Amino acid sequence: MNITIYAVGKIKESFYRQAVDEYAKRLGRYCKLKIVEVADEKTPDHTGPVQTAQIKDREGERLLARIRDGTFLITLALDGEKMDSIAFSEKIHQLGLHGKSDIGFVIGGSLGLSDAVSERADLSVSFSDMTFPHQLMRVILMEQIYRAYRIMTNEPYHK
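Bear in mind that the values here come from a model prediction, so they are computed numbers and not experimental data.

Caption draft 1: Here's a closer look at the overall build of the protein. A tally of helices and strands in the protein yields five helices and five strands. Along the protein, from the amino end to the carboxyl end, the secondary structure elements read β-α-β-α-β-α-β-α-β-α. Compactness check: the protein gives a C-alpha radius of gyration of 15 Å against a globular reference of 15 Å for 159 residues, within 12% of the reference. The C-alpha extent of the protein, read off along each of the three principal axes, is 50 × 35 × 25 Å. Across the 159 residues that make up the protein, the buried fraction comes to 42%. Taking contacts inside the protein between residues at least 6 apart in sequence as the whole, the part at least 24 apart equals 84%. Counting only carbon and sulfur atoms, one obtains 51% of the accessible surface of the protein, whose full area is about 8900 Å². Both charge centroids of the protein, one from 22 positive and one from 22 negative side chains, sit 7 Å from each other.

And the structure:
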């Protein structure tokens, strides 16, 4: 299975990069992982709704330009479907069984996702009601994908 993580912005802190690298290495046993980063927009303090929408639209255009046709796209959003790790694992497993071998996950920028990206999504998932920095969210997502594969293969993993 091919899994691509589409993310707005680069990871700057070395401790996040180390965690991403570790999970990328672990996931190598289970899937072909690719991380696609697109540039984030400078976001001034106190942006109004029009400027916020423009920033999200520009970031969204960059994301959509990189997402391949046929990719089953899952966005990470506060208002997405909530599921536990077992249900998340089962979802990935079922996608594979139904011929969806190319899965993409989208992590938006600091202002969230554009409407166009949300409309392109096949599924929207929420990992929490809390808001996380997008750099940390990448680590959390990768850990959950790794956990999903461990669950699928009946391999032990801490609970």
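Caption draft 2: The nonpolar core, seen in detail. Core analysis: the largest hydrophobic core is formed by 30 residues, its most contacted members being I74, F105, L141, I145 and Y149. Of all the elements in the fold, those that place two or more residues in this core are β1 (2–8), α1 (14–27), β3 (72–82), α3 (85–97), β4 (102–107), β5 (123–126) and α5 (134–152). Counting residues per element, this core draws most heavily on α5, at eight residues. Ignoring anything within four residues of it in the chain, the contact list for Y149 reads M1, I3, L27, Y30, C31 and I92. One finds Y6, V8, L73 and V117 within the second-largest nonpolar core, a separate group that totals ten residues.

Definitions and cut-offs
- Residues numbered from 1 in each chain as written.
- Predicted model: local features only at pLDDT ≥ 70, side-chain atom pairs only at ≥ 80, totals over all residues.
- Heavy atoms only, no water.
- Helix = DSSP H or I, 4+ residues; strand = E, 2+ residues; numbered from the N terminus.
- Rg over C-alpha atoms; globule rule 2.2 N^0.38 Å.
- Buried < 20%, exposed > 50% of the residue type's maximum accessible area, 1.4 Å probe, protein only.
- Contact = heavy atoms within 4.5 Å.
- Areas by Shrake-Rupley, 256 points an atom, 1.4 Å probe, with all protein chains shown as cover.
- Lys, Arg positive; Asp, Glu negative; His and termini not counted.
- Charge placed at Lys NZ, Arg CZ, Asp CG, Glu CD.
- Core = buried A, V, L, I, M, F, W, Y, C linked by side-chain atoms within 4.5 Å.

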